[in-house]
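Here's the letter readout for the chains.
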Amino acid sequence: QKEVEQNSGPLSVPEGAIASLNCTYSDRGSQSFFWYRQYSGKSPELIMSIYSNGDKEDGRFTAQLNKASQYVSLLIRDSQPSDSATYLCATYTGGFKTIFGAGTRLFVKA
Amino acid sequence: DTGVSQNPRHKITKRGQNVTFRCDPISEHNRLYWYRQTLGQGPEFLTYFQNEAQLEKSRLLSDRFSAERPKGSFSTLEIQRTEQGDSAMYLCASSLVWTGENYEQYFGPGTRLTVT
């Protein structure tokens, strides 16, 4: 079992819709959770961090964390073609190591 | 704050040659990380520094890889006797020391290595 699992996609949504990206993790000791956006050929860009159970909203983005279910998600409201990218989920368990999932590719159709 | 910078951005080398990459972190960040990323995968941890001390190195890292951060500022990653399997994007990231809810890592633009 991979430590951080994501559906590779592609996830295709029409412009203006809500995109829902999901991630599960195996280490119950995970303390911090991150979503990165990565455009093709570019480096990852941090878009959200979440540390406590519940929802955290930032503009069109909402991160949701459920530690009991070991599940973290990212919702993108009013999706735009510019949101088309790979979204990486990452967890931090203390010490030094951040574990990344393989990412979910999102396509937003104009 | 100019962000994390990496040089060179691209490197093409022949198998067996040595290569060195440089990373300059965000100035107030005392943690620095190196990752490797191949197509279709997330970044894979290689090593990290807190100030000038190298505190952890991935077991995936062979003896051909070495990293330094001599004065706790910039860092270099050297690959000796490169192999075609070393072709990847090498990413550097930096962060503050974890204090509870302050651990975001910020990535540089990466160095894309191609070994021919």
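Note: the structure precedes this text.
Computed from a predicted model, the values in this text were never measured in an experiment.

> Residue-level account of the overall build of chain B, with values.
When its secondary structure is counted, chain B shows zero helices and 11 strands. Reading chain B from its N terminus to its C terminus gives the helix and strand order β-β-β-β-β-β-β-β-β-β-β. Radius of gyration (C-alpha) of chain B: 14 Å, near the 13 Å computed for a compact globule of 116 residues. Projected onto its principal axes, the C-alpha coordinates of chain B cover approximately 45 × 25 × 25 Å. Evaluated residue by residue, chain B yields a buried proportion of 45% over its 116 residues. Across chain B, the fraction of contacts at a sequence separation of at least 24, relative to all contacts at a separation of at least 6, is 55%. Averaging the positions of the 14 positive and the 13 negative side-chain charges in chain B gives two centres separated by 9 Å.

> Mind laying out the overall build of chain A, listing which residues take part and the relevant values?
Looking only at helices and strands, one finds zero helices and 11 strands in chain A. Mapped from its N terminus to its C terminus, chain A presents α and β elements in the order β-β-β-β-β-β-β-β-β-β-β. Here chain A holds 110 residues, and the buried ones make up 46% of them. Total accessible area on chain A stands at roughly 5,000 Å², and carbon and sulfur atoms take up 46% of it. Taking the average location of the 11 positive side-chain charges in chain A and that of its 10 negative ones, the two points are 4 Å from each other.

> Any chance you could break down the side chain of Thr-47 of chain B for me, citing the residues and the numbers?
By the secondary structure assignment, Thr-47 of chain B is in strand S5 (residues 44–50). Judged by relative accessible area, which is 0%, Thr-47 of chain B ranks as buried.

> With reference to specific residues and values, describe the sheet that holds strand S7 (residues 61–66) of chain A.
Residues and elements named next belong to chain A. The five strands lie next to each other as S1-S3-S8-S7-S6, forming an open sheet whose pairing is antiparallel. The sheet is open, and its two borders are formed by strand S1 (4–6) and strand S6 (54–58), each paired with just one other strand. The mean angle between the axes of side-by-side strands here comes to 20°, regardless of whether they run parallel or antiparallel. Here S6 runs beside S7; their pairing, made up of five bridges, is antiparallel. Residue Asp-55 lies in a different strand from S7, and its bridge partner there is Gln-64.

> Run through the interface of chain A and chain B, naming residues and quoting values.
Of the residues lining the interface, 20 residues belong to chain A; the matching set on chain B comes to 25 residues. Taken together, both faces of the contact between chain A and chain B bury some 1,800 Å²; the carbon and sulfur share is 58%. There are zero salt bridges connecting chain A and chain B. Between the two partners, chain A and chain B, sit six residue pairs in polar contact (both at pLDDT 80 or more). The dominant element in the side of chain A that touches chain B, judged by the number of residues it contributes, is strand S4 (residues 32–38) of chain A, at four residues. Within the side of chain A that touches chain B, the residues separate by chemical class into 10 nonpolar, 10 polar and no charged.

> So what's going on with the pattern of salt bridges? Which residues, and what values?
Applying the stated rule across the entire model yields seven salt bridges over all chains. The partner of Asp-83 of chain A in a salt bridge is Arg-60 of chain A, and the shortest N-O contact between them spans 2.9 Å. Of this pair, Asp-83 of chain A sits in the loop between strand S8 (71–76) and strand S9 (85–92) while Arg-60 of chain A sits in the loop between S6 and S7, placing them 23 residues apart in sequence. Put simply, Asp-24 of chain B and Arg-22 of chain B hold a salt bridge, and the shortest N to O gap is 2.8 Å.

> Quick rundown of the environment of Gln-6 of chain A? Include the residues and the values.
All names here are of chain A. Checked against the element boundaries, Gln-6 lands in strand S1. We classify Gln-6 as buried; its relative accessible area is 15%. It is 12 Å that separates the C-alpha atoms of Gln-6 and Trp-35, two residues lying 29 residues apart in sequence. When residues no more than four places from it in sequence are discounted, the contact partners of Gln-6 are Asn-22, Cys-23, Trp-35, Tyr-87, Leu-88, Cys-89, Gly-101, Ala-102, Gly-103 and Thr-104.

> Mind laying out the pairing of S5 of chain B, listing which residues take part and the relevant values?
Residues and elements named next belong to chain B. Across the seven residues of S5, five count as buried, placing the element largely inside the fold. Bridge analysis of strand S4 (residues 31–37) against S5 gives six bridges, and the strand direction is antiparallel. What sits directly across from Trp-34, in S5, is Thr-47. Between S4 and S5, which follow one another and run antiparallel, lie six residues, and Gly-40 among them has a positive phi close to 85°. Taking the residues between adjacent antiparallel strands as the criterion, S5 and strand S6 (residues 53–57) are bridged by two residues, where Asn-51 takes a positive phi near 55°.

So, how was this worked out
Residues numbered from 1 in each chain as written. Chains lettered and ligands numbered in written order. Predicted model: local features only at pLDDT ≥ 70, side-chain atom pairs only at ≥ 80, totals over all residues. Heavy atoms only, no water. Helix = DSSP H or I, 4+ residues; strand = E, 2+ residues; numbered from the N terminus. Rg over C-alpha atoms; globule rule 2.2 N^0.38 Å. Buried < 20%, exposed > 50% of the residue type's maximum accessible area, 1.4 Å probe, protein only. Contact = heavy atoms within 4.5 Å. Lys, Arg positive; Asp, Glu negative; His and termini not counted. Charge placed at Lys NZ, Arg CZ, Asp CG, Glu CD. Areas by Shrake-Rupley, 256 points an atom, 1.4 Å probe, with all protein chains shown as cover. Pairing = 2+ DSSP bridges. Axes fitted to C-alpha atoms, helices over the stretch in contact; angles between N-to-C directions. Buried area = accessible area lost by both parts, 1.4 Å probe. Salt bridge = Lys/Arg side-chain N within 4 Å of Asp/Glu carboxyl O. Polar contact = N/O pair within 3.5 Å; in protein donor to acceptor, adjacent residues only side chain to side chain. Nonpolar A, V, L, I, M, F, W, Y, C, P; charged D, E, K, R; others polar.

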